Amino acid sequence: MTPQQFHVLLVAEDRVLLRRLTRFLRTFGCEVSQITEIDQLERAVAAHLPDFVLLDADICGSSLAQVCRLILTARDDIYIFAVTPQRDSAFLTDALQAGVDDFLAKPVVLGELLARLRAGARVLSFQRRWHQQDTVDTRTGLPTRTEVVRFLREKLQHTSGRPPRVSLVSWDVDFFQEVLRRHGASAAERLRGEVIGRMEKLARDC
């Protein structure tokens, strides 16, 4: 994830701060959205799908923890910066427990902001790769067993009082191990890819 791929949501009442940060971030190719009221936050997160939220703690008052929980309820893969002059240990501990990932002191030093964004991008990239590997089989591109079970549980829980209608098809590729033994891994991978392609076509045609 490079600076050009960042989408940053700025949350602050200070319009001078918003203009300054927006101008700086766009210089480095970031996509930037802004809001000036907390009650716009949930809609903004859903609409803009930001990678980062820069949250001026002054706009939150005493409800920083509640605001962080709101952000992470909407999406759990957002990196949250709290922009604040407060640095006492109790405040930092409470903020970290609420879901803040990093802090920026006021007044914001632009070079520090860019460095911290890049560090945060590395964290996000790792988390997203890990999550993808947890839900997608890297060899086949299909959902893993864990993801299939999670999907079925979710569907069964949202039946609106009606008996669920669920169909599950299990495939077994005959002689796959024999192909692997006789013709090698490359032939087995080609066979796997062909089977997956046909399964996907059948699923689309259903």
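Remember, predicted model here, so these are calculated numbers, not experimental data. (Residues numbered from 1 in each chain as written. Predicted model: local features only at pLDDT ≥ 70, side-chain atom pairs only at ≥ 80, totals over all residues. Heavy atoms only, no water.)

## Observations regarding the overall build of the protein chain
Of the regular secondary structure elements, the protein chain holds eight helices and five strands. Taking the contacts inside the protein chain whose residues are at least 6 apart along the sequence as the reference set, 58% of them involve residues at least 24 apart. As presented, the protein chain carries roughly 13700 Å² of accessible surface, and 52% of it is formed by carbon and sulfur atoms. (Helix = DSSP H or I, 4+ residues; strand = E, 2+ residues; numbered from the N terminus. Contact = heavy atoms within 4.5 Å. Areas by Shrake-Rupley, 256 points an atom, 1.4 Å probe, with all protein chains shown as cover.)

## Observations concerning unusual backbone geometry
Residue Pro-107 is reached from Lys-106 by a cis peptide bond, and omega for that bond is -10°. With respect to the element layout, Pro-107 can be found in the loop between β5 (102-104) and α5 (110-135). A positive phi angle is found at Leu-49, which is not glycine, with a value near 50°. Within the fold, Leu-49 resides in the loop between α2 (41-48) and β3 (52-56).

## Quick look at the sheet that holds strand β4 (residues 79-83)
The parallel open sheet is built from five strands, whose spatial order is β2-β1-β3-β4-β5. With partners counted over all chains shown, the strands left at the sheet margins are β2 (31-35) and β5, one partner each. Each adjacent strand pair in this sheet contributes to an overall mean axis angle of 20°, direction not counted. Relative to β4, β3 runs parallel, the two being bridged by five bridges. Its bridge partner being in β4, Leu-54 is matched across the sheet by Phe-81. (Pairing = 2+ DSSP bridges. Axes fitted to C-alpha atoms, helices over the stretch in contact; angles between N-to-C directions.)

## A closer look at a negative patch on the surface
On the surface, Glu-13, Asp-14, Glu-37 and Asp-39 cluster together to form a negatively charged patch. Here Asp-14 is to be found in the loop between β1 (7-11) and α1 (15-27). According to the relative accessible area criterion, Asp-14 is partly exposed, its value standing at 38%. (Patch = residues over 30% accessible without salt bridge, like charges linked within 9 Å, V, L, I, M, F, W, Y side chains within 5 Å. Salt bridge = Lys/Arg side-chain N within 4 Å of Asp/Glu carboxyl O. Lys, Arg positive; Asp, Glu negative; His and termini not counted. Charge placed at Lys NZ, Arg CZ, Asp CG, Glu CD. Buried < 20%, exposed > 50% of the residue type's maximum accessible area, 1.4 Å probe, protein only.)

## Examining the nonpolar core
By size, the foremost hydrophobic cluster in this structure holds 23 residues, and its most contacted members are Leu-10, Leu-25, Phe-52, Leu-54 and Leu-113. Within the residue set of this core, elements represented by two or more residues are β1, α1, β3, β4 and α5. The contact partners of Leu-25, leaving out residues within four places of it in the chain, are Val-8, Leu-10, Cys-30, Val-32, Leu-113 and Leu-117. Formed by 22 residues, the second largest nonpolar core is a distinct cluster that contains Leu-64, Cys-68, Ile-80 and Ala-95. (Core = buried A, V, L, I, M, F, W, Y, C linked by side-chain atoms within 4.5 Å.)

## Some remarks on the side chain of Thr-36
If you trace the backbone, Thr-36 turns up in the loop between β2 and α2. The contact partners of Thr-36, leaving out residues within four places of it in the chain, are Ala-12, Glu-13, Arg-15, Leu-18 and Ile-59.

These results come straight from atomic positions and should not be treated as a statement about function.
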